[in-house]
Amino acid sequence: MSATSDRLQTIVSNVKKASILKALERGVRLDNRKPDEYRPLSITLGYAKKADGSALVKLGDTMVLAGTKLEMDEPFPDTPNQGNLMVNVELLPLAYETFEPGPPDENAIELARVVDRSLRDSKAVDLSKLVIIPGKKVWSLWVDVYVLDFAGNVMDASTIAAVAAIYNTKLPKVEVNGEEVKVLTERTDVTPLAYPVVTLTAAKIGNFVVIDPNLEEESIADAKLSISYTPDMRIVGIQKSLGGAIKLEEIPQIEEVTRKAASRLFSELKNTFGIA
Amino acid sequence: MSATSDRLQTIVSNVKKASILKALERGVRLDNRKPDEYRPLSITLGYAKKADGSALVKLGDTMVLAGTKLEMDEPFPDTPNQGNLMVNVELLPLAYETFEPGPPDENAIELARVVDRSLRDSKAVDLSKLVIIPGKKVWSLWVDVYVLDFAGNVMDASTIAAVAAIYNTKLPKVEVNGEEVKVLTERTDVTPLAYPVVTLTAAKIGNFVVIDPNLEEESIADAKLSISYTPDMRIVGIQKSLGGAIKLEEIPQIEEVTRKAASRLFSELKNTFGIA
Amino acid sequence: MSATSDRLQTIVSNVKKASILKALERGVRLDNRKPDEYRPLSITLGYAKKADGSALVKLGDTMVLAGTKLEMDEPFPDTPNQGNLMVNVELLPLAYETFEPGPPDENAIELARVVDRSLRDSKAVDLSKLVIIPGKKVWSLWVDVYVLDFAGNVMDASTIAAVAAIYNTKLPKVEVNGEEVKVLTERTDVTPLAYPVVTLTAAKIGNFVVIDPNLEEESIADAKLSISYTPDMRIVGIQKSLGGAIKLEEIPQIEEVTRKAASRLFSELKNTFGIA
Amino acid sequence: MLAAQQRPRLIDERGLRTDGRRPDELRPIRIELGVLKNADGSAIFEMGNTKVIAAVYGPKEMHPRHMALPDRTVLRVRYHMTPFSTDERKNPAPSRREIELSKVIREALESAILTELFPRATIDVFMEVLQADAGTRLVSLMAASMALADAGIPMRDLIAGVAVGKADEVLVLDLNEAEDMWGGADMPIAMMPSLNKVVLFQLNGTMTPEELRQALELAKKGIAEIYQLEKKAIKEKFVEVS
Amino acid sequence: MLAAQQRPRLIDERGLRTDGRRPDELRPIRIELGVLKNADGSAIFEMGNTKVIAAVYGPKEMHPRHMALPDRTVLRVRYHMTPFSTDERKNPAPSRREIELSKVIREALESAILTELFPRATIDVFMEVLQADAGTRLVSLMAASMALADAGIPMRDLIAGVAVGKADEVLVLDLNEAEDMWGGADMPIAMMPSLNKVVLFQLNGTMTPEELRQALELAKKGIAEIYQLEKKAIKEKFVEVS
Amino acid sequence: MLAAQQRPRLIDERGLRTDGRRPDELRPIRIELGVLKNADGSAIFEMGNTKVIAAVYGPKEMHPRHMALPDRTVLRVRYHMTPFSTDERKNPAPSRREIELSKVIREALESAILTELFPRATIDVFMEVLQADAGTRLVSLMAASMALADAGIPMRDLIAGVAVGKADEVLVLDLNEAEDMWGGADMPIAMMPSLNKVVLFQLNGTMTPEELRQALELAKKGIAEIYQLEKKAIKEKFVEVS
């Protein structure tokens, strides 16, 4: 059951809300960004040494660590030539004062499912590369996204972290004898990532739209729109969230803004890890 | 752990209780029924189109939807010539103001187990018809009873709904090649129901006994006795419920009343779906 | 998540605490024991007739019942010549006023894991005796320790009960034909217990140390130290518990006291069930 | 761990049952009160090879308070089987069967306890089946009844119960495990005998209406015998009849 | 129970879909209000072979109280599928998908309900999918909207929604199950039509930005049609269009 | 994903360990404070290839209130491993091992924090193991100790801890993963060094009483070294020694 809650405990007062709106009227944000400006992004590949691939992502004060694990499995009967992909997101109690330990809540599940769909529908993860013996043995690729500091726009940071961790994953060498598979300690150069995807989140605050909202902005936003893109600017996922509405005509406008931001983000990622 | 609770939140006041008893002294009930009179019953077979069999049952204001699903399985080692039967009852939060979502509570579990025993002990479900390859492949027959409107005597309505949904289930055609089984989209005419069973519930209110209690009557009843019958009037299950007692001598008297009511109910069911 | 709690609801008042300490200054305890004196111990082997082995242990007012069950299983791939051992402890709601039903809490899990490690690390349970067909079929030995009366030092009583129940377990006779195993109703004389282990718990109360604390003593103790021994006085497990500290130099001193008590306990066990 | 079994003959040529009893004969009974230190009341009840321990705590303040009832005591009742009480190891998590029987036993106890004397309070009753060999729900209910008496909780009467079943089509009193597994019916019934009132009543399997009437008479006889033993146990804290 | 399936052709040579509809044609719709006795409001909403029942309870006092909000109503929303609503039996425990969709539907309802009118209170909205054949989240949301209207709960507008997808690269309105399974995109969108406001919006699969714009236009047209039926259903408690 | 392994030789002919250390030598240590924005205090503690992040929130009001204690702070402590911190993926649901270690770490922290200063309040301490390579409980406890210091919570002393084990029958300080898996004992111990008080103490595996005494001496030496680094880290917010 989903229930209205105030889990961020209304961190922003009405006074603050007024000042955010007032600044937006002047075309600026309280953290001095322009409405379509992303916060500083840093990606550390291979941060978690025991993971098969990992990435620590900082987006402003938001911090997300993604790690992958490969497990040998059988393929599903209807997809003998594909490995499996599983995405999990945890909003750790470390990350925010009111977060409690326990199984993923609806917010974590929504994040995981949006990341999962963006990766899957875009074919950004090449599941055929995870096949060891067609129809018999494949790799299951677990992607665990751990939110360490919850400071706004965890959605976009989660997609970046998942993509970077998968990029950082190098499949192990195996020796196949009939149906026996021996996993070697060496790694191949093969990453299961075909190309990156990004998710760009816009928040609607009153009559204004901002990209990459911080926590204060999110907590007063009417609605958010998260749109995922491939490098060739196909849309590979959309999710509206929060309990407010958006005018129908605004959707194409917002999509144009997020698309431009996605384009800039891809350029930045190109410099960072040599793809896209 | 089972705990005393007032989950119906005492919907009937003491004043109402007095008027119910006063009416019973005159041999009538507040809804104008006689003590041994059943509420109007309607059965819609095939109500849920994706189920393998289904029935919507209305008993007065009580509404219950049962649906079946067949799943291919292996038989238990000690019953190679029988399919499997699983009965589940859910008291949906739609059905009553204080019902909460969650796994079945003790009330739903008791309902499911009484229905299950009535079906099983009576041999009303012919489990041998669920065998595809003896010892290797059988159908598991899932019967899910969903209570949509909780307005008294859900017990009897659940048995009727389960029986009708099983009657409505037609086994699919299969092609067997060795141990390979191919399920076809066509259906046979074979239903796993050998004959119907019914459960008849009597409520003891003060010194009076009524059949098919409505919700008001149930909430002030001392005890209920639910007795299940086959068409040839064998008793195939009894369950006393509620936290009051019944005199030993009253049991054969109540059984006579429920048996007569069962007989009338079987006549009614005969007209409805051509069995019994 | 582990949280500070007062689940015993501070059964000992400050006045009582003062009198316990005052007595200890005189070298005695409120139940007239000396600081290093164990409470009366009784062991009834075979108390639970349906178990494959069982023992009812009373240590003062503390009462613990352990029972074993053997289940045929496959061995773990990396230990083809070993059966499996599983230890579970339940702090039953019967045992203390504030205990609630539910899955084992952190206290029950800690008890189970300490018993498990003592049995495993000591090699007191000869897992090779549980093998039926190497690499194919082994016995899984389930040891369930049920605390019936919670009256202090459940730790030591649990180890004794587990050891005695395993000693009481006699493996069934089996007929092996190829990979088919038929279990006969007769039993062999073979017990999976190679030798007993004991756990000795010392409690630190102020500047004093007592062995086998009762519930009053436990509830005011600063810390407890539970040390497990084999008959040849190897240490096979240590666990400090409770939220107070122990001076480093005190550890060898306490270990000497528990070791002497362990020695006395082994003598007592020798008389009881003819091993050690 | 369970060796394979086949359906045995339940009534032999002399008319006796697999354990040598006549059809209307009870199994040996052993009752002991006050077996636990911490509980306010406790008892062990054995009937043949079935053995149950019960403990009672209360009446005490209800937590959380919003679960309290203004006009009577909340009973909290758990029927639970130890993992080693059955032929195959039972998972300690509560099964659907245990959940149903906890409810059925709670409702039986509510008929007997004067719950109106302790409004807003709770009484906890916990039962652990130590050996399961047919009749566990009734032996548990009787163990609880003894433990409540041991705790001094006011009741309308003690509770005594017994199952009647069919073994090779013969009505038999106080089913054993073979009769429970292979017989044609299992009708557990429990009463407050001096009030002639039934507090627990179920039937699994099938009976004709006429068999039901005979079964009730047979049960009444068995219950009267057990009731005498229970009263003796209350007085002497212990009774054993084999 | 499910027989094996192969990818079908989704648009035939005449430009028609697997169920004979034109690309911009809705499935038959049936709406019935007030179908349950106990609920404060209820409705059944059918769209093609998808069928959902919804019930509303409230506004009522929030329990536990510390979950209440000082400035608005707490909505508690459950989207749930019956085990027999799908091709393979669905486990009745809530899946991750059901948890996500319960949230998405709750947020859509929060846009529409005047929650500020009932601070500290709660409104419960429960939906059961009885037949799942594409579009269950939208049909559930619309069933909830009808049930809220039936309960007389003040809303800014009714909610109407429809999915647009791609079948063999053709944009199609109101996906059926084959198009949902084999098509290239599924864009569910729901609006308060008279306010021109979007309350639910998702995209699974892929679209170009240009396709997205066309899809929005197509959806708008379908939503307008549905909205008319909903208004009629409110007035007459029942409407059926095939 | 884990390739097959065989038991290695743990001490070579030169008396050195698999990672080249002498028996009484610590692994490289790296401590960083204040790594998180939202937490009131935080730290990353690395010891060899083991890496843990800890966060502290509080003291703050206890919810629900009936869990508060009148005379001291309630500590709520979670030790948790990320699924990718181990050789095989770890299920994120708390294991029995994690539940035990959360308790053991909480009790150690209770020895150190002046909990009597904040009655009725709560302090939350969360630890995530990012890389597990032996010693995770101690590194977690030390990360927590650093995070508590970073949050300015009054403590009797910092906590420093190290494991002593047996590798090929040689006592070794600060076990690595091979020694943990293949060695004969693992004795984790943590102290408030300036008070000479032990707050966490366990032994898995076997030791003679004499070995135990030697192990305690060896541990004391290692703890003293670590303590110096911790004090430096508090002052400079960062320290790294390899």
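Rules used throughout
- In this convention, every chain numbers its residues from 1, walking through the sequence in written order.
- All chains are assigned letters beginning at A, and all ligands numbers beginning at 1, according to the order in which they are written.
- In keeping with the model being predicted, local features are shown solely for residues with a pLDDT of at least 70 and side-chain atom pairs are shown and tallied solely at 80 or more, while totals for entire chains, interfaces and linings include all residues.
- Neither water nor hydrogens contribute to the side-chain values; these are computed over all heavy atoms in the structure.
- Strands are labelled as partners when DSSP assigns at least two bridges between them.
- Per the convention used, a helix needs a DSSP run of H or I reaching at least four residues, while a strand needs a run of E reaching at least two, with both numbered from the N terminus.
- By the convention used here, residues are in contact when the closest approach between their heavy atoms is within 4.5 Å.
- In short, buried area is how much 1.4 Å probe accessible area vanishes from two parts on joining, totalled over both.
- We define a salt bridge as a side-chain nitrogen of Lys or Arg found within 4 Å of a carboxyl oxygen belonging to Asp or Glu.
- We define a polar contact as two N or O atoms separated by no more than 3.5 Å, with the added condition that, inside protein, one atom must be a possible hydrogen donor and the other a possible acceptor, whereas residues neighbouring each other in sequence contribute only through side-chain atom pairs.
- Residues are grouped as follows: Ala, Val, Leu, Ile, Met, Phe, Trp, Tyr, Cys and Pro are nonpolar; Asp, Glu, Lys and Arg are charged; every other residue, Gly included, is polar.
- Residue exposure (1.4 Å probe, protein chains only): buried if accessible area is under 20% of the type maximum, exposed if over 50%, otherwise partly exposed.
- Working definition: rings of Phe, Tyr and Trp (its six-membered ring) pair if their centres are within 6.5 Å, and the pair is stacked with planes under 30 degrees apart, edge-to-face with planes over 60 apart, and tilted otherwise.
- Either the NZ atom of lysine or the CZ atom of arginine qualifies as a charge over a ring when it sits within 6 Å of the ring centre and within 35 degrees of the ring normal.
- Axes here mean lines fitted to C-alpha atoms, for a helix over just the part in contact, with angles spanning 0 to 180 degrees between N-to-C directions.
- Roughly parallel means an angle under 35 degrees; roughly antiparallel means over 145; roughly perpendicular covers 65 to 115; every other angle is labelled oblique.
- Each helix crossing is assigned a hand: it is left-handed if the near helix lies turned anticlockwise from the far helix by less than a right angle, otherwise right-handed if that turn is clockwise.

Caption draft 1: Examining the sheet that holds strand S1 (residues 29-33) of chain F more closely. Reading across the sheet, the seven strands line up as S1(C)-S4(F)-S5(F)-S3(F)-S2(F)-S1(F)-S10(F) and stay open at both edges, with mixed pairing between neighbours. For this open sheet the edge positions go to strand S1 (2-3) of chain C together with strand S10 (238-241) of chain F, each flanked by a neighbour on one side alone. With nine bridges joining them, strand S3 (residues 50-61) of chain F and strand S5 (residues 121-131) of chain F adopt antiparallel strand pairing. Bridged to F:Val56 within S5(F) is F:Val125.

Caption draft 2: Representation of unusual backbone geometry within the structure. E:Pro64 follows E:His63 through a cis peptide bond whose omega is -10°. Considering the arrangement of structural elements, one finds E:Pro64 in the loop between strand S3 (50-61) and strand S4 (74-81). The omega torsion across F:Gly58 and F:Pro59 is 0°, close enough to zero to call that bond cis. The phi torsion at D:Glu169 lies on the positive side, around 70°, for a residue other than glycine. Positioned with a positive phi, F:Arg120 is a non-glycine residue whose angle comes to about 70°. Structurally, F:Arg120 can be placed in the loop between helix H1 (96-112) and S5.

Caption draft 3: View of the interface of chain F and chain A. Counting residues at the interface gives 33 residues for chain F and 39 residues for chain A. Interface of chain F and chain A: buried area, both sides summed, is about 2900 Å²; carbon and sulfur atoms make up 60% of it. The tally of links between chain F and chain A comes to six salt bridges. The partner of A:Lys50 in a salt bridge is F:Asp133, and the shortest N-O contact between them spans 3.5 Å. For the pair chain F and chain A, the interface holds 18 residue pairs in polar contact (both at pLDDT 80 or more).

Caption draft 4: Here's a closer look at the environment of F:Leu195. Residues and elements named next belong to chain F. If you trace the backbone, Leu195 turns up in the loop between strand S8 (185-192) and strand S9 (197-205). With 38 residues separating them along the chain, Leu195 and Asp157 place their C-alpha atoms 7.4 Å apart. In contact with Leu195, other than residues within four places in its own chain, are Arg156 and Asp157.

Caption draft 5: Focus on the interface of chain F and chain C. Contact with chain F, which involves 41 residues of that partner, is made by 39 residues of chain C. Contact between chain F and chain C buries roughly 3600 Å² in total, counting both sides, with carbon and sulfur atoms accounting for 58%. For the pair chain F and chain C, the interface holds five salt bridges. The partner of F:Glu100 in a salt bridge is C:Arg113, with the nearest N and O atoms 2.5 Å apart. Across the chain F-chain C interface, the total number found is 24 residue pairs in polar contact (both at pLDDT 80 or more). Among the elements that line the side of chain F that touches chain C, the one with the most residues is H1(F), at 11 residues. Grouping the constituent residues of the side of chain F that touches chain C by class yields 19 nonpolar, nine polar and 13 charged.

Caption draft 6: Quick peek at the pattern of salt bridges. Inspection of every chain in the model, using the stated rule, returns 156 salt bridges over all chains. Its salt-bridge partner being A:Arg117, residue E:Glu100 comes within 2.9 Å of it at the nearest N-O pair. With one member in each of two chains, E:Glu100 in helix H1 (residues 96-112) and A:Arg117 in helix H2 (residues 106-121) form a pair that bridges those chains. Salt-bridge contacts for C:Asp144 lead to D:Arg89; the nearest nitrogen and oxygen are separated by 2.9 Å. Here the residue C:Asp144 occupies a position in strand S7 (residues 137-149), and D:Arg89 occupies one in the loop between strand S4 (74-81) and helix H1 (96-112), the pair thus bridging two chains. Given the relative accessible area of 1%, C:Asp144 is considered buried. The buried category is assigned to D:Arg89, whose relative accessible area is 13%. Linked by salt bridges that have partners in common, A:Lys50, F:Asp19, F:Arg21, F:Arg27, F:Asp87, F:Asp133, F:Asp174 and F:Glu177 make up one network.

Caption draft 7: Examining the packing of aromatic side chains more closely. Under the definition given, this model contains 12 aromatic pairs over all chains. With a centroid separation of 4.9 Å and 70° between ring planes, the pair formed by A:Phe99 and A:Phe150 is classed as edge-to-face. One end of the pair, A:Phe99, is in the loop between strand S5 (84-91) and H2; the other, A:Phe150, is in the loop between strand S7 (137-149) and helix H3 (154-167), with 51 residues separating them in the sequence. Accessibility assignment for this pair places A:Phe99 and A:Phe150 in one class, buried. Between C:Tyr96 and C:Phe150, the ring centres sit 6.0 Å apart and the planes meet at 65°, which makes this aromatic pair edge-to-face. Of the two residues, C:Tyr96 is situated in the loop between strand S5 (84-91) and helix H2 (106-121) and C:Phe150 in the loop between S7 and helix H3 (154-167); the sequence distance between them amounts to 54 residues. By the ring-pair criterion, three or more aromatic residues cluster together here, those being A:Tyr96, A:Phe99 and A:Phe150. The ring of B:Trp142 carries E:Arg89 above its face, with NZ or CZ at 3.7 Å from the centroid.

Caption draft 8: Spotlight on the arrangement of the chains. Separated in space, chain D and chain E share no contact, their closest pair of C-alpha atoms being 10 Å apart. Looking at chain D next to chain F, you find no contact at all, with the nearest C-alpha pair sitting 10 Å apart.

Caption draft 9: Region of interest: the pairing of strand S3 (residues 53-59) of chain C. Residues and elements named next belong to chain C. The element S3 is extensively covered by neighbouring structure, given that six of its seven residues are classed as buried. When strand S2 (residues 41-45) meets S3, the two strands line up antiparallel, connected through five bridges. Across the sheet, the residue bridging to Leu41 is Leu59, located in S3. As defined by bridge partners, S3 adjoins strand S4 (residues 62-73) across seven bridges and the pair is classed as antiparallel. Paired with Ser54 across the strands is Gly67, a residue of S4.

Caption draft 10: Seen up close, the packing of H1(D) against helix H2 (residues 136-150) of chain D. Residues and elements named next belong to chain D. At their nearest, the axes of H1 and H2 sit 10 Å apart, and the two run at 45° to each other. Classified by the angle their axes make, H1 and H2 are oblique. Crossing geometry of H1 relative to H2 is assigned as right-handed. Listed contacts from H2 to Arg97, Leu101, Ile105, Ala108 and Leu109 of H1 are Thr136, Arg137, Ser140, Leu141, Ala144 and Leu148. Class assignment for the residues of the contact of H1 with H2 results in seven nonpolar, two polar and two charged.

Geometry only, nothing functional implied.
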